[in-house]
Amino acid sequence: MIKRMLQVGLILAGSIAMPSWAIVIGSTEVGAEDTLIAQTSLASSGEDVELAWVQTILSDPTVTFSGKTELGGTGSEFITDGTLSAFNLVTDPSHFLLKLGGGGTANTDTHFLYKNLDDIGWAVFNLSDITTATVTRISHISEFDGGGNGVPEPSILGLLGIGLLGIALGRRRMAA
């Protein structure tokens, strides 16, 4: 009886804690597609301007700038399959801002704010969400911490511990 309960507990813990799927681009697992929250064309540029806009969109003045990566910069990795693209992030941010440039023409730079999901080490976005006639290049990705990243998913060991505790309590009741 105890063995059966342990087997069922392990199967349930494994099925809850393990992701059922993950996006693979090339040979790299990048997690899930991140959620597009908002987009805009900012009249001026810079970390302070981007941060102010992100704080406004998220309605959270505690959001902070945590990093910036230029496409092709040191340590950056950009992969695409033609539809989905992924960018290796410097930090593990709760949100990231993708800035697309329009080739130097005024007011053609477009900013896209995403909530970073699943594998927070990768920025995963759909190119069809951001395709506009004026975009000629990806300028950079800015990373932000805060803004309600939520509670992280429980680990397998945590679920296993809860299951073992339940089995121990059940066995104690049977003995009493």
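The structure under discussion appears in the preceding block.
Keep in mind the model is a prediction, meaning the values are calculated, not measured.

Trainee: Break down the pairing of strand β9 (residues 122–126) for me, citing the residues and quoting the values.
Mentor: Regular strands show a simple pattern: their side chains alternate between the two faces of the sheet. For β9, the tally of buried residues reaches five of five residues, placing the bulk of the element in the interior. Residue alternation in β9 divides its side chains into two sets, Trp122, Val124 and Asn126 and Ala123 and Phe125, and both sets are buried. As defined by bridge partners, strand β6 (residues 84–88) adjoins β9 across five bridges and the pair is classed as antiparallel. Bridging from a neighbouring strand, Leu84 pairs with Asn126 of β9.

Trainee: Could you give an account of the side chain of Glu143, naming the residues involved and the relevant values?
Mentor: One can find Glu143 in strand β10 (residues 137–145). It turns out Glu143 is buried and unbridged, and the closest side chain with the opposite charge, Lys68, is 11 Å from it. A distance of 2.9 Å separates a polar atom in the side chain of Glu143 from the backbone nitrogen of Val90. Excluding anything up to four places from it in sequence, Glu143 contacts Thr64, Phe65, Ser66, Gly67, Thr69, Leu89, Val90, Thr91, Pro93, His95 and Phe96.

Trainee: Lay out the packing of aromatic side chains with the relevant residues and their values.
Mentor: Enumeration over the complete set of coordinates arrives at four aromatic pairs. An angle of 10 degrees between the planes, with centres 5.0 Å apart, marks the rings of Phe96 and Tyr114 as stacked. Taken together, the positions of Phe96 in strand β7 (residues 95–101) and Tyr114 in strand β8 (residues 110–115) put the pair 18 residues apart, joining distant regions of the chain. Grouped by ring-pair contacts, the aromatic residues Phe96, Tyr114 and Phe125 constitute a single cluster.

Trainee: How would you summarise helix α2 (residues 47–58) if you had to cite specific residues and measurements?
Mentor: Look at α2: 16 Å from first C-alpha to last across twelve residues, which is about the 16 Å you get at 1.5 Å a residue. The set of residues buried in α2 consists of Glu50, Leu51, Trp53, Val54 and Leu58. Relative to the axis of α2, the buried residues are bounded by an arc of 165 degrees and lie together on one face. Exposed and oriented more than 90 degrees from the buried face of α2 are Asp48 and Thr56. Following α2 by one or two positions, Ser59 adopts a phi angle in the positive range, close to 50 degrees.

The rules behind the values
Residues numbered from 1 in each chain as written. Predicted model: local features only at pLDDT ≥ 70, side-chain atom pairs only at ≥ 80, totals over all residues. Heavy atoms only, no water. Buried < 20%, exposed > 50% of the residue type's maximum accessible area, 1.4 Å probe, protein only. Helix = DSSP H or I, 4+ residues; strand = E, 2+ residues; numbered from the N terminus. Pairing = 2+ DSSP bridges. Lys, Arg positive; Asp, Glu negative; His and termini not counted. Salt bridge = Lys/Arg side-chain N within 4 Å of Asp/Glu carboxyl O. Polar contact = N/O pair within 3.5 Å; in protein donor to acceptor, adjacent residues only side chain to side chain. Contact = heavy atoms within 4.5 Å. Phe/Tyr/Trp six-rings, centres within 6.5 Å; stacked < 30°, edge-to-face > 60°. Expected span 1.5 Å × (residues − 1). Arc of directions from axis to C-beta.

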